[in-house]
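Each chain, letter by letter, is given below.
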Amino acid sequence: MKLIIDTDPGIDDAMAIAYAAAAPEIELVGLTTVFGNTHVHQSSRNARYLVDKLGLNIPVAEGAPFARGEDRHAPSEHVHGPEGFGDFTDIPHIGENHALTGAEFLVEMARAHRGELVVCAVGPLTNIADAIKLDPEFSDNVAKLVIMGGAVYCPGNITEHAEANIYHDAKAADEVFAASLPTVLVGLDVTLKTLYETADFEGLAQKSPDMGGFLRNISRFYLKFYKEVGGLEGCGLHDSTAVIACTHEPMFDVVETGLQVSLEGSDIGATRINPSRPAVRVCRNVDGAGVVQLFTERVASLP
């Protein structure tokens, strides 16, 4: 499967990119970056660092710095640390970004791999919405869009109603759900059923000292947040679960329904059912233990 991850690394993004690099079913053909967990220039730097650390020869195309109609962004430093990788803050600048913007790169790659390319969006959906506007054929060219975002049947995580990726650009998310694009939504309904605990990270680091050790080290900040705020003994494999859904959809129970996003009021960013919208495959349940096992097996194969 030819895959682009649209990402804002981010600790769980790093885990998802490592999984994609290790998965034999996936040919990772590039990363596009977006604001979200970090400022977009930090997202791009972190993505290029991961590409180098994983020994990949793929481009990183920098995308949107802000949400629709905004000119600033407040990163999630309390969740992912000041530079996106927990307490690891001295992150080197390696390589350069691709000449095309994130949206332009998505359009070009979808055109070059028509009917083959899968896009996995694990940050705000601004780049995806921009690509749809940039090329009317983008929705037809992409084989599938898999989104980590939303909380359709459960509470949100940034507000009572909204999940963070959707909330950070509700307008863009609503535009994407209004487009006729084959879409799978992997939201909090399932990702919080894939907890990865301290012992899991320690075991991963033993099997994969370099990459697994890196993920264990940066995750300590993340696990502390989950413990203090949610009382959880692990973190959800949010972004990794979405990447796994790209190739292992039978591990998920899905329902088909149209969706829209609330754009104002106290529930802004909420993902609501709207049967008049194009159908989206919404993941409602998951083999959580299977996802955890698959993630560990794949990433443990890395050095």
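See the structure above.
Residues numbered from 1 in each chain as written. Predicted model: local features only at pLDDT ≥ 70, side-chain atom pairs only at ≥ 80, totals over all residues. Heavy atoms only, no water.

A. Structural view of the nonpolar core. Leu3, Leu215 and Phe252 are the most contacted members of the largest nonpolar core, which has 64 residues in total. Looking at which element gives the most residues to this core, the answer is helix 1 (residues 11–22), with nine residues. If you look at the next biggest cluster of nonpolar residues, it comprises 35 residues, including Phe105, Ile132, Val152 and Ala179. (Core = buried A, V, L, I, M, F, W, Y, C linked by side-chain atoms within 4.5 Å. Buried < 20%, exposed > 50% of the residue type's maximum accessible area, 1.4 Å probe, protein only. Helix = DSSP H or I, 4+ residues; strand = E, 2+ residues; numbered from the N terminus.)

B. Here's a closer look at the pattern of salt bridges. On inspection of all chains with the given rule, the structure shows 16 salt bridges. Between glutamate 233 and lysine 227 there is a salt bridge, and its shortest N-O distance comes to 2.3 Å. Overall, the relative accessible area of 49% leaves glutamate 233 in the partly exposed class. The closest approach of N and O atoms between arginine 281 and glutamate 249, which form a salt bridge, is 2.5 Å. (Salt bridge = Lys/Arg side-chain N within 4 Å of Asp/Glu carboxyl O.)

C. Main features of the sheet that holds strand 3 (residues 60–62). Across the sheet, eight strands lie side by side as 3-2-1-4-5-6-12-9; this open sheet has mixed pairing. Bordering the open sheet on either side are strand 3 and strand 9 (252–257), each of which pairs with just one other strand. Each strand axis lies, on average, 25° off the axis of its neighbour in the sheet, ignoring direction. Judged from the six bridges that link them, strand 1 (residues 2–7) and strand 2 (residues 27–33) form a sheet pairing that is parallel. What sits directly across from lysine 2, in strand 2, is glutamate 27. Here helix 1 sits on the sheet and contacts strand 1 and strand 2; the angle it forms with strand 1, its principal contact strand, is near 170°. (Pairing = 2+ DSSP bridges. Axes fitted to C-alpha atoms, helices over the stretch in contact; angles between N-to-C directions. Contact = heavy atoms within 4.5 Å.)

D. Representation of the packing of aromatic side chains in the model. Evaluation of the coordinates by the stated rule reveals 10 aromatic pairs. When the centroid spacing of 5.6 Å and the interplanar angle of 90° are considered together, the rings of phenylalanine 85 and phenylalanine 214 count as edge-to-face. Taken together, the positions of phenylalanine 85 in the loop between helix 3 (77–80) and helix 4 (102–112) and phenylalanine 214 in helix 11 (residues 211–230) put the pair 129 residues apart, joining distant regions of the chain. Across the pair, exposure class does not vary: phenylalanine 85 and phenylalanine 214 are buried alike. Each ring, one from tyrosine 222 and one from tyrosine 226, has its centre 5.1 Å from the other, and the planes form 75°; the classification is edge-to-face. Placement of both tyrosine 222 and tyrosine 226 in helix 11 is noted, with a separation of four residues, approximately one turn of the helix. Of the residues examined, tyrosine 226 reaches a relative accessible area of 10% and is grouped as buried. An aromatic cluster of at least three residues, connected via ring pairs, comprises Tyr19, Tyr196, Phe201 and Phe295. A cation sits over an aromatic face here: arginine 284 above tyrosine 153, 3.9 Å from the ring centre. (Phe/Tyr/Trp six-rings, centres within 6.5 Å; stacked < 30°, edge-to-face > 60°. Lys NZ or Arg CZ within 6 Å of the ring centre and 35° of its normal.)

E. Looking closely at the environment of valine 190. As for its position among the elements, valine 190 is in helix 9 (residues 188–191). With relative accessibility at 0%, the residue valine 190 sits in the buried group. In this structure, the C-alpha to C-alpha distance between valine 190 and glutamate 83, residues 107 residues apart in sequence, is 27 Å. In contact with valine 190, other than residues within four places in its own chain, are Phe252, Cys283, Arg284, Asn285 and Val286.

F. Structural detail: the side chain of histidine 168. Relative to the helices and strands, histidine 168 is located in helix 7 (residues 164–168). Judged by relative accessible area, histidine 168 falls into the buried class, the value being 17%. Not counting chain neighbours up to four residues away, the residues in contact with histidine 168 comprise Phe35, Ala67, His73, Ser76, Pro124 and Ile158.

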